[in-house]
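Here is what each chain is made of, one letter per residue.
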Amino acid sequence: MHVSSEAENQSNELSGLRAQLAAALKKTRELETALDSSERRVRQLETDKNLPSANRGIDSSMDVAPINEADVTLRRLVQRIAMILQAEKIVIMFYDREAGELIGIPPSYGVEEDRLKIFRVRATHGVSGLVYRKSEAVIFHDAVNDPRTKEDPFGLLHIQNGVTVPLVIEKRDEENRVVDRTTIGVLHAFNKRHGEDFNDEDVRLLERMARNVGSIIANLQLYREVVEEREELLQTFESLSAGLILVSAEGRLSQINATARALFALGSDAIGKQATDVIPIPELHEVLTTARNNSEGGKQEIQVAYGNQERIYEVQAAAVRGEDGKDLGVVAILNDVTEMRNIDKMKSSFVAMASHELRTPLTAIKGFVRTLLDGEEFYGAEERHEFHTIIDQECDRLRRLIDDLLNTARIESGESLKPNYTRFELPPLLEKVVMIQKQATSKHDIVLDVENELPKMIIGDEDKLDQILTNLLNNAIKYSPNGGEIRVRAKNEGPTILIGIEDHGLGIPKDHLTKVFEKFHRVNNEDNRKIYGTGLGLYLVHHLVEQVHTGQIWVESELGSGSTFWFRIPIELDVERAKALNN
């Protein structure tokens, strides 16, 4: 049983790797296009001379900054804001959707950049979160005693007063009407000089300048994300435990990762050379040729001398074609299946061993029981006692054997996420999560639908329940690319709470419904191939619901019509049982 599990795990990992590779190749082409698009967008930052001056912001006359100068442009703008508002300090905080937090980012004014890390607060907390959620400016005159600023890290920087405005991105139509408005963070100005306080005029000035800051940050963030994503993709290729090679349409080696270089004893100078010259393995090139001529790709096992032994590698190859169908080459992944093939051999031995070990005590038990049934009166008390003793011993032997097999087959789980159980209010948490997600999207209408009166207090891990709801709502937004309504349903069932997140997006094929909570599992079809993600979100949610909160989670979906993810958790969680489960 343990051997079979090992083989299945390796097979699943191989299948997952194939899927990731196919998606990664597609993503590479998309990233190239996105990089060009992002750079063009940055060059159009709030410097459109055709806009009326009232809509351009204070710094509308500054030169258009190319992408490598955008940071410098932003620094100049931050300095100008400090000068106009007579503020000692300027801090920008950007909303990180994955973390659900507002985070201080450079550049700043009057605050050293290595100290910006203290500016980190949940989007549900403090004056920073208040301005972000409501998208309305706030003035505070006494940062020490104002209850709105208690959860902000202002005391560490000796901040006395300030004004905070939302960083808003506005899209306008040809008639200069606002058609879309998205809040991406907040902009702080602290400590008015000469002992004065900020006023409403300062708010109006800062809001106008915040439009420039928001546009620059949004486009820089997009550019950086695309660059980082591309770099991560390349690093993923390089760090794959499987070998990866890409051969151009002309038969030249255009890419090879570290694993494949080590396998074939090649250096980086192999790039650009004929693949048949640098990798003299005919079977490999047969697979590549088959893949180029076959839309379904090619697959074959080859033997390679690696180190001091022969290793068995499964080669899977697929043609790479451009959007116009042009032949771009062939990609192949090489997985070491030596251990899997050894496992296959071990399976036969294991089955034979298990059959023999199980048959031996069963034969003895059956024989002595049959003997007693056929003529118990022919045997004395001493003989019958001996027979019963043997049967008892063989039963114990059988039980031990079964226990050993079961223990061998158990899956050892990793260390659980450490829970922090408290009694907390559920309705405000639901409202806050929904409000934050509303700020994160302009294409979706997120509705909180409470069927009956919810309990005011429940026992659980508030932060992890927040994470469950945030992940599921992010998922609903991500897989509803055309927008629409997303409904958060909540129902009091007495001993339990039932919560569902319903969207009208792409939906999930029936054959994937039982697999969506598996680690790294992603549905790979034409509709969602461009949706970036790692496949870990639902796996984590599954753990937080079922392990941390001893609940249940499942999904109902129809392809093309949307999905509803349901989970049920107890109102009065048995904390001791939950702690034991997570230890």
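Every value quoted in this text rests on a predicted model; they were computed, and no experiment measured them.

Undergrad: Mind showing me how you'd approach the overall build of the chain here?
TA: Secondary structure summary: the chain contains 14 helices and 18 strands in total. In the chain, which comprises 583 residues, the proportion classed as buried is 44%. Counting every atom, the chain has about 31200 Å² of accessible surface; 48% of that belongs to carbon and sulfur.

Undergrad: Honestly, the sheet that holds strand β1 (residues 87-96) in this entry has me stumped. Any pointers?
TA: Strand pairing in a sheet relies on backbone hydrogen bonds. The paired strands run either parallel or antiparallel. Read across the sheet, six strands follow the order β3-β2-β1-β6-β5-β4 without closing on themselves; strand pairing throughout is antiparallel. Each edge of the sheet is formed by a strand with only one pairing partner; in this case those strands are β3 (120-122) and β4 (138-140). Strand-to-strand, the axes of this sheet are offset by a mean angle of 30°, without reference to chain direction. Where β4 meets strand β5 (residues 162-172), three bridges bridge the pair, whose relative direction is antiparallel. Note that in β5 the partner of F140 across the bridge is G162. Along the sheet, helix α4 (residues 126-134) makes contact with β1, β2 (101-109), β3, β4, β5 and β6 (178-192), crossing β6 at roughly 155°.

Undergrad: I keep staring at the environment of V369 and nothing clicks. Help me out?
TA: With respect to the element layout, V369 can be found in helix α9 (residues 338-375). Distance in space between the C-alpha atoms of V369 and I391 is 7.9 Å, their sequence separation being 22 residues.

Undergrad: Can you walk me through the packing of aromatic side chains in this structure?
TA: Pairs of aromatic rings are described using the distance from one ring centre to the other and the angle between the two planes. Within the structure shown, the criterion is met by seven aromatic pairs. Relative to Y132, the ring of Y95 has its centre 4.7 Å away and its plane inclined at 25°; by these criteria the two rings are stacked. Highlighted residues: Y95 in strand β1 and Y132 in helix α4, separated in sequence by 37 residues. Residues Y95 and Y132 agree in their burial class; the two are buried.

Undergrad: Would you take a moment to explain the nonpolar core for this structure?
TA: Within soluble globular proteins, side chains that are nonpolar tend to cluster in buried spots. Within the largest apolar cluster, 40 residues are counted, with the highest numbers of intra-cluster contacts made by L465, I499, I501 and F567. For this core, the elements supplying multiple residues, two or more each, are α11 (426-440), β14 (457-460), α12 (462-478), β15 (484-492), β16 (496-502), α13 (537-548), β17 (552-558) and β18 (562-570). Formed by 29 residues, the second largest nonpolar core is a distinct cluster that contains L74, I92, I139 and L206.

Undergrad: Is there a simple way to explain the sheet that holds β17 in this structure?
TA: Strand order in the open sheet made by the five strands is β13-β15-β16-β18-β17, with mixed pairing throughout. Both outer strands of the open sheet, β13 (444-450) and β17, are each paired with one neighbouring strand and no more. Strand-to-strand twist across the sheet, computed as the mean angle between neighbouring axes with direction ignored, equals 15°. Note: β17 against β18, seven bridges, orientation antiparallel. Considered in β18, the bridge of I553 is made with F567. Across the sheet, α12 touches β13, β15, β16 and β18, and the angle it forms with β18 is around 170°. Docked against the sheet, α13 engages β17 and β18, running at close to 140° with respect to β17.

Undergrad: Explain the packing of α13 against helix α14 (residues 575-582) to me, please; I cannot follow it from the model alone.
TA: Describing two packed helices takes the angle between their axes plus the distance from one axis to the other. Relative to each other, α13 and α14 sit at 130°, their axes nearing to 9 Å. On the basis of the axis angle, α13 is oblique to α14. Mapping the contact onto sequence places H543, E546, Q547 and V548 in α13 and A578, L581 and N582 in α14. Among the residues forming the contact of α13 with α14, the class breakdown is three nonpolar, three polar and one charged.

Undergrad: Sorry, what's going on with the confidence of the model for the chain here?
TA: In low-pLDDT regions, the fine details of the predicted coordinates are not to be read closely. Averaged over the chain, the pLDDT score is 78; the fraction of residues at 70 or greater is 78%. In this model residues 34-67 is a low-confidence stretch, pLDDT under 50, and it forms 63 contacts with partners more than four residues away in sequence or in other chains. Confidence drops under a pLDDT of 50 for residues 406-415, and excluding neighbours within four residues, the segment shows two contacts in the predicted structure.

Undergrad: Mind showing me how you'd approach unusual backbone geometry here?
TA: Excluding glycine, most residues fall at negative phi; most peptide bonds, likewise, are trans. Note that the residue after P106, namely P107, is joined by a cis bond; omega there is 5°. Along the chain, P107 turns up in strand β2. One non-glycine residue, N191, lies in positive phi territory at about 55°. Considering the arrangement of structural elements, one finds N191 in strand β6. Of note in this structure, A265 is not a glycine but carries a positive phi near 55°. Inspection of the secondary structure assignment puts A265 in the loop between α6 (258-264) and α7 (275-278).

Undergrad: Whenever I open this one, the pairing of β1 confuses me. Can you help?
TA: On any regular strand, side chains alternate: one points to one face of the sheet, the next to the other face. Counted residue by residue, β1 has eight buried out of 10 residues, so it is predominantly covered. Note that β1 and β2 share six bridges and pair antiparallel. Each bridged residue has a counterpart across the sheet, and for I90 the counterpart in β2 is Y109. Between β1 and β2, which pair antiparallel and follow one another directly, the connecting turn spans four residues, one of which, G100, has a positive phi of 70°.

About the thresholds
- Residues numbered from 1 in each chain as written.
- Predicted model: local features only at pLDDT ≥ 70, side-chain atom pairs only at ≥ 80, totals over all residues.
- Heavy atoms only, no water.
- Helix = DSSP H or I, 4+ residues; strand = E, 2+ residues; numbered from the N terminus.
- Buried < 20%, exposed > 50% of the residue type's maximum accessible area, 1.4 Å probe, protein only.
- Areas by Shrake-Rupley, 256 points an atom, 1.4 Å probe, with all protein chains shown as cover.
- Pairing = 2+ DSSP bridges.
- Axes fitted to C-alpha atoms, helices over the stretch in contact; angles between N-to-C directions.
- Contact = heavy atoms within 4.5 Å.
- Phe/Tyr/Trp six-rings, centres within 6.5 Å; stacked < 30°, edge-to-face > 60°.
- Core = buried A, V, L, I, M, F, W, Y, C linked by side-chain atoms within 4.5 Å.
- Parallel < 35°, antiparallel > 145°, perpendicular 65-115°, else oblique.
- Nonpolar A, V, L, I, M, F, W, Y, C, P; charged D, E, K, R; others polar.
- pLDDT = per-residue confidence, 0-100.

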